[in-house]
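Per-entry structural report
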Amino acid sequence: MRSDLEKIETLRWRDNKLEMIDQRILPAHFEYLAFDSAATVAEAIRSMVVRGAPAIGCAAAYGFALEARRLEQESPENFARGLEQGFAMLAQSRPTAVNLLWALKKMREIWHSSKTSGNPVIAAKLLAKAHEITAEDIRANRRMGEYGAMLLPDNSTVLTYCNAGALATAGHGTALGVIRSARDQGKKISIIACETRPFLQGARLTAWEMMQEKIPVTLITDNMAGHFMSRGEIHAIMVGADRVAANGDVANKIGTYMLAVLAARHGIPFYVACPLSTIDLATASGGLIPIEERTAEEVTGYRDCQWAATGVAIRNPAFDVTPAGLVTALITEKGVVQAPTEEGIRRLFELLQATQ
Ligand code: MRU
């Protein structure tokens, strides 16, 4: 494990390949894996080498660009057919985080607008777009961080869930980006990280990421959150999102809803930080968001260790929906929406259009 890590590069372009940290084996091992096609990137997304809504979007964009490079010497017909297949493979890799489809649609726009160019020109434009989507994600996270940091009082303890940090994005992070920015503003913030069963993104990734940054972090199991809230030891909750519906309902890692209900019970602000690429205006409300169900093995154990009886019935939804009414504020790169409503969210997109 590297302990001198200053900046976590979740994804990077090296030697004409996409390299991604293998998040399945962190923090015991820090290793980059290299990818050179849509199929291998789609499999990396599905198997959680890379995870976190914005990071998945960036990976999918690179996957599409890699496919174009791989097929560069093919006839225009084979090139087009291959790109459609690559698009479908990537689009199906995970269903809930909408950043995946958002990024792929941006890539398809570039492809369709340059269809009369030769394959190498299209491939070069697609790679440039993947770089742009990745760079813009970091810029959005930094802006979001500045807005969100203003909401956190000095000397506060913030509970977070899953990993919405640099590892879940192209860099800086969404929920953890707000923490980083608050720290950069000179505030003393400490973190309580829930371990986040079953994939342990909190225990394995958030705790590690915060330790790399020297931001004070305490790890708890998920069922301890209510206890600490009831004792007044948590001043705010800050989470990310995988998809926000037009009415402000939030799909995020399974267990988020439980925390939002507890936060309301104890009068603790519940904040959601996400870029506009996570907001899906085409989905009216949370009940319409597709919820991924993952394999039983994630619940019966982790990697080589199985603790539940073989054959026991399992349910494993990877996300849940927190109704907008439980969200104190939505923090985005275009500003903060208090008590999010459809109207408040639409205004963010008007601001986005005005600056494009
Ligand atoms: O299953 P994962 O690890 O991809 O789930 C990730 C989350 O739920 C994050 O909270 C969300 O994607 C926001 S990441 C900035």
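Residues numbered from 1 in each chain as written. Predicted model: local features only at pLDDT ≥ 70, side-chain atom pairs only at ≥ 80, totals over all residues. Heavy atoms only, no water.

1. Notes on the overall build of the protein
Under the convention used in this document: Each helix corresponds to a stretch of at least 4 residues labelled H or I by DSSP, and each strand to a stretch of at least 2 residues labelled E; elements are numbered beginning at the N terminus. Three labels apply to residues, based on accessible area from a 1.4 Å probe with only protein chains included: buried if under 20% of the type maximum, exposed if over 50%, partly exposed otherwise in between. When checking whether two residues touch, look at their non-hydrogen atoms; a contact exists if any pair is within 4.5 Å.
Broken down by element type, the protein carries 11 helices and 16 strands. For the protein, the spread of C-alpha atoms along the principal axes amounts to about 65 × 55 × 40 Å. When the 356 residues of the protein are sorted by exposure, 56% land in the buried category. For the protein, long-range pairs separated by at least 24 residues make up 74% of all intrachain contacts whose partners lie at least 6 apart in sequence.

2. Some thoughts on the site of the ligand
Our working rule: Any residue with a heavy atom positioned within 4 Å of a molecule or strand is treated as near that molecule or strand. Between N or O atoms, a polar contact is any pair within 3.5 Å; within protein, one atom must be a potential hydrogen donor and the other a potential acceptor, and residues adjacent in sequence are included only when both atoms are from side chains. Only the protein chains shown count as cover for residues, with accessible areas throughout obtained via the Shrake-Rupley method and a probe of 1.4 Å. Polar here means any residue outside two lists: the nonpolar Ala, Val, Leu, Ile, Met, Phe, Trp, Tyr, Cys and Pro, and the charged Asp, Glu, Lys and Arg; Gly therefore counts as polar.
As a structural note, the neighbourhood of the ligand is formed by 19 residues, with Arg51, Arg94, Asp242, Asn252 and Lys253 the closest of them. The contact in question runs from an oxygen atom of the ligand to an N or O atom on the side chain of aspartate 242, over 2.7 Å. Lysine 253 is positioned with one of its side-chain polar atoms (N or O) 2.7 Å from an oxygen atom of the ligand. Contact with the protein chains hides 100% of the accessible area of the ligand, taken as 410 Å² for the molecule alone. Only α2 (53-70) and β9 (250-253) provide two or more residues apiece to the shell around the ligand. Residues of the shell around the ligand, tallied by class, amount to eight nonpolar, seven polar and four charged.

3. Observations regarding helix α1 (residues 38-46)
For clarity, the cut-off: Our arc is simply the arc of the directions from the helix axis toward the C-beta atoms.
Among the residues of α1, Ala38, Val41, Ala42, Ala44 and Ile45 are the ones counted as buried. In an axial view of α1, the angular spread of the buried residues amounts to 160 degrees, which keeps them on one side of the axis. Of the surrounding secondary structure, the elements contacted by the buried residues of α1 are β2 (17-21), β3 (32-35), α2, α3 (76-91) and α4 (99-113).

4. Concerning the nonpolar core
Quick note on the threshold: Throughout, nonpolar core names a set of buried Ala, Val, Leu, Ile, Met, Phe, Trp, Tyr and Cys residues whose side chains join them through atoms within 4.5 Å.
Core analysis: the biggest nonpolar cluster contains 41 residues, and Met20, Ile45, Phe64 and Leu126 have the highest contact counts within it. Listing elements by their share of this core, those giving two or more residues are β2, α1, α2, α3, α4 and α5 (119-149). No other element matches the 12 residues that α2 contributes to this core. Apart from residues no more than four positions distant in its own chain, isoleucine 45 is found in contact with Val50, Ile56, Ala59, Ala60, Leu90, Ser93, Arg94 and Leu100.

5. Overview of the packing of α2 against α4
Put simply, the test is: Note on method: axes are straight lines fitted to C-alpha atoms, helices fitted across the in-contact stretch only, with angles between N-to-C directions ranging 0 to 180 degrees. Any angle that is under 35 degrees is reported as roughly parallel, and any over 145 degrees as roughly antiparallel; angles of 65 to 115 degrees are reported as roughly perpendicular and all others as oblique. Handedness of a helix crossing follows the sense of rotation of the near helix relative to the far helix, less than a right angle counterclockwise being left-handed and clockwise being right-handed.
At a minimum axis distance of 7 Å, the contact between α2 and α4 shows a crossing angle of 30 degrees. As judged from the angle between their axes, α2 and α4 are roughly parallel. The crossing of α2 and α4 is right-handed. Contacts between α2 and α4 involve Ala53, Pro54, Ile56, Gly57, Ala60, Ala61, Phe64 and Ala65 from the first element and Asn99, Leu100, Ala103, Leu104, Met107 and Trp111 from the second. For the contact of α2 with α4, the residue count by class is 12 nonpolar, two polar and no charged.

6. So, the sheet that holds β3
Rules: Strand pairing is assigned whenever DSSP detects at least two bridges linking the two strands.
Here we have three strands laid out as an open sheet, ordered β1-β2-β3, and antiparallel in their pairing. Every other strand in the sheet has two partners, leaving β1 (11-14) and β3 as the edge strands with one partner each. Recorded for the sheet is a direction-independent mean angle of 30 degrees between the axes of neighbouring strands. Inspection of the sheet shows β2 paired to β3 by four bridges, in the antiparallel sense. In the sheet register, methionine 20 faces β3, and the bridge partner there is leucine 33.

None of this, on its own, says anything about what the molecule does.
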